[in-house]
Amino acid sequence: MESLLKIPLILSSPLALHVSGTPPNTPTSNDVVHYNPIEWVLTQDIKYGLPLAKALSWAVALIELAAIASRVIDPTSLPSGMQSVAAVLQTIQDVPITSSQLLAGTALMVAGGLLRWWCFRTLGRFFTFHLSVRKEHTLVKTGPYAVVRHPSYLGAVAQSIGMFVLHGSWSSFFRRSGVLNIPVVKVIMMAVLAQRITAIVGLMFRIDNEDKMMKSIAKDEWVDWAKVVKYRLIPGIY
């Protein structure tokens, strides 16, 4: 029964990452897109890094769901070819729903995803994953942008930390299942880890460039807004 209660938790993390990691808008020929080494790195993340992270998150979730199903379904009712698969899945040690790593990792991924989705909704057509100026671009000061200047980046950081906690901690399903011991899986996991760290560092460097871009568009309005919304990511800290 406890395993069945975990199903919403298991699905919420990859779903949150999928939604928040899918660009709501893409640049058009009318947009002014800024290019520099940092943007090149982030563009590679959009093309390759985020799809890899989303695929990994969904794969782990589906394997865990299959392991749960193998415990509640009579293996003899399955086709002969699937019975051996079910037997292997049944040997995987389950992660209790009370696991602090499971709850903390899921909470961070979902909270980060919801924050980014809120940013998508607030900025509307002005939100792109590229540093760009769109036609009739204006400064948005409502919603999460009334609290910090770059809330979507805070959401990305929260999701990355949550992903590391959920899939990289010693008691995670990824480790308990033994999947991480497979060489190719370990390489993929390390690639995702390196990619997420690189992307977050890139976003931190982008902050100054984005502030300068918006200041050039809104000018005095941006200066007045920045006096009220002083912090970039975390209220009272940074």
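Relevant structure appears above.
Each chain has its residues counted from 1, running along the sequence as written. With pLDDT at 70 or above as the cut-off, local features in this predicted model cover only qualifying residues; side-chain atom pairs require 80 or more to be listed or tallied, and sums for whole chains, interfaces and linings still use all residues. Only hydrogens and water are removed before side-chain values are computed, so all heavy atoms of the structure are retained for them.

**Student:** Explain the nonpolar core here, please?
**Tutor:** Note on soluble globular proteins: their nonpolar side chains tend to be buried together. Residues enter a nonpolar core if they are buried and are Ala, Val, Leu, Ile, Met, Phe, Trp, Tyr or Cys, with the set joined through side-chain atoms within 4.5 Å. The rule is simple: take the accessible area with a 1.4 Å probe, protein chains only, and divide by the maximum for that residue type; under 20% is buried, over 50% is exposed, in between is partly exposed. One finds Leu123, Phe127, Leu139, Tyr145, Trp222 and Trp225 to be the most contacted residues of the largest nonpolar core, which totals 19 residues. Sorting the residues of this core by element identifies helix H5 (100-123), helix H8 (183-218) and helix H9 (220-228) as the ones contributing at least two each. Leave out the neighbours within four places in its chain, and Leu123 touches Val140 and Tyr145. Listed in part, the 18 residues of the second largest apolar core include Val60, Leu102, Phe174 and Val192. Helix numbering and strand numbering both begin at the N terminus, where a helix is a DSSP run of H or I of at least 4 residues and a strand a DSSP run of E of at least 2. Here, residues are in contact when the closest pair of their heavy atoms is within 4.5 Å.

**Student:** Where do I start with the side chain of Ser160 in this structure?
**Tutor:** As for its position among the elements, Ser160 is in helix H6 (residues 151-168). On the accessibility criterion, Ser160 (5% relative accessible area) is buried. Here Ser160 is in contact with Arg196 and Ile200, once residues within four sequence places are set aside.

**Student:** Would you explain the pattern of salt bridges in this entry?
**Tutor:** Between side chains of opposite charge, pairing is possible as soon as their charged atoms come close. Each salt bridge in this description consists of a side-chain nitrogen of Lys or Arg and a carboxyl oxygen of Asp or Glu lying within 4 Å of one another. Applying the stated rule across the entire model yields eight salt bridges. Between Asp31 and Arg134 there is a salt bridge, and its shortest N-O distance comes to 3.0 Å. You can see Asp31 sitting in the loop between helix H2 (7-20) and strand E1 (32-33) and its partner Arg134 sitting in the loop between strand E2 (132-133) and H6, a full 103 residues away along the chain. Overall, the relative accessible area of 10% leaves Arg134 in the buried class.

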